[in-house]
Amino acid sequence: MRLTDFWNRMRRHFGEAYAESWAKDYVISGLGGRTVEQALAEGVAAKRVWQAVCQEVDVDPRLR
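For every chain, the first residue of its written sequence is number 1, and the numbers climb from 1 along that sequence. Local features in this predicted model are restricted to residues whose pLDDT is 70 or higher, and side-chain atom pairs enter the listing and the counts only when it is 80 or higher, whereas totals over whole chains, interfaces and linings include all residues. The side-chain quantities take in all heavy atoms of the structure and omit both hydrogens and water.

By the naming in an unreviewed UniProt entry, the chain is DUF3046 domain-containing protein, taken from Microbispora hainanensis.

Printed below as a string of structure tokens:
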């Protein structure tokens with residue numbers, strides 16, 4: 001998954017304004033207690049991060 005696809009999915013699910021805020025502030029246990037931003041900055045693949053987001057919140061199946 002490309003990073004642009006990841007962010008498009010985040011924005012479609014959370015909304016334009018909230019996606020970046022959520023990615024910055026919400027800690028996900030499936031990412032080792034990191035936020036989305038931290039995980040991506042540390043080199044975790046966008047696909048893996050997206051899978052962790054989907055496990056954490058109820059994402060529309062069409063976006064999974």
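After presenting the structure, the write-up continues.
A closer look at the environment of V57
Applied cut-off: Where helices and strands are cited, they refer to DSSP runs of H or I of at least four residues and of E of at least two residues respectively, numbered from the N terminus. The cut-offs for exposure are 20% and 50% of the maximum accessible area for each residue type, with area from a 1.4 Å probe on protein chains only; residues under the lower value are buried, those over the upper are exposed, and the others partly exposed. Here, two residues are considered to be in contact whenever any of their heavy atoms come within 4.5 Å of each other.
Within the secondary structure, V57 is located in the segment after α4 (46–56). Look at V57 and you get buried, because its relative accessible area is 19%. Residues V57 and H13, 44 residues apart in the sequence, show an inter-C-alpha distance of 9.8 Å. With residues near it in sequence (within four places) discarded, V57 still touches H13, F14, W22 and R64.

Considerations on the nonpolar core
Let me state the cut-off plainly: Nonpolar cores were defined as sets of buried Ala, Val, Leu, Ile, Met, Phe, Trp, Tyr and Cys residues, with membership established by side-chain atoms within 4.5 Å.
Core analysis: the largest hydrophobic core is formed by 22 residues, its most contacted members being F6, M10, W22, V36, V49, W50 and V53. For this core, the secondary-structure elements that each account for two or more residues are α1 (3–14), α2 (16–25), α3 (36–41) and α4. The greatest single-element share of this core, amounting to 6 residues, is contributed by α4. Dropping the residues within four chain positions of it, M10 is found in contact with G15, A19, W22, A23, W50 and V53.

A word on the packing of aromatic side chains
For clarity, the threshold we go by: Whether two aromatic rings pair depends on their centres lying within 6.5 Å, for rings of Phe, Tyr and Trp, where Trp uses its six-membered ring; planes under 30 degrees apart make the pair stacked, over 60 edge-to-face, and the rest tilted.
Applying the stated criterion across every chain yields a total of 5 aromatic pairs. Seen in terms of ring centroids, F6 and W7 are 5.2 Å apart; in terms of plane orientation they differ by 80°. Their pairing is edge-to-face. The class for W7 is buried, based on a relative accessible area of 16%. Relative to Y18, the ring of F14 has its centre 5.9 Å away and its plane inclined at 65°; by these criteria the two rings are edge-to-face. Classification of F14 by relative accessible area gives buried; the value is 15%. Using a relative accessible area of 46% as the deciding quantity, one classes Y18 as partly exposed.

A short note on α1
Heads up, the rule is: A helix is expected to span 1.5 Å multiplied by its residue count minus one. This arc corresponds to the set of directions leading from the helix axis out to the C-beta atoms.
For α1, which comprises 12 residues, the first-to-last C-alpha distance of 16 Å matches the rise-based estimate of 16 Å (1.5 Å per residue) to within 8%. Every buried residue of α1 is accounted for by F6, W7, R9, M10 and F14. An end-on view of α1 places all buried positions within 160° of arc, on one side of the element. In α1, the exposed positions that point more than 90 degrees away from the buried face belong to T4 and R12. G15 sits one or two residues past α1 and shows a positive phi near 100°.

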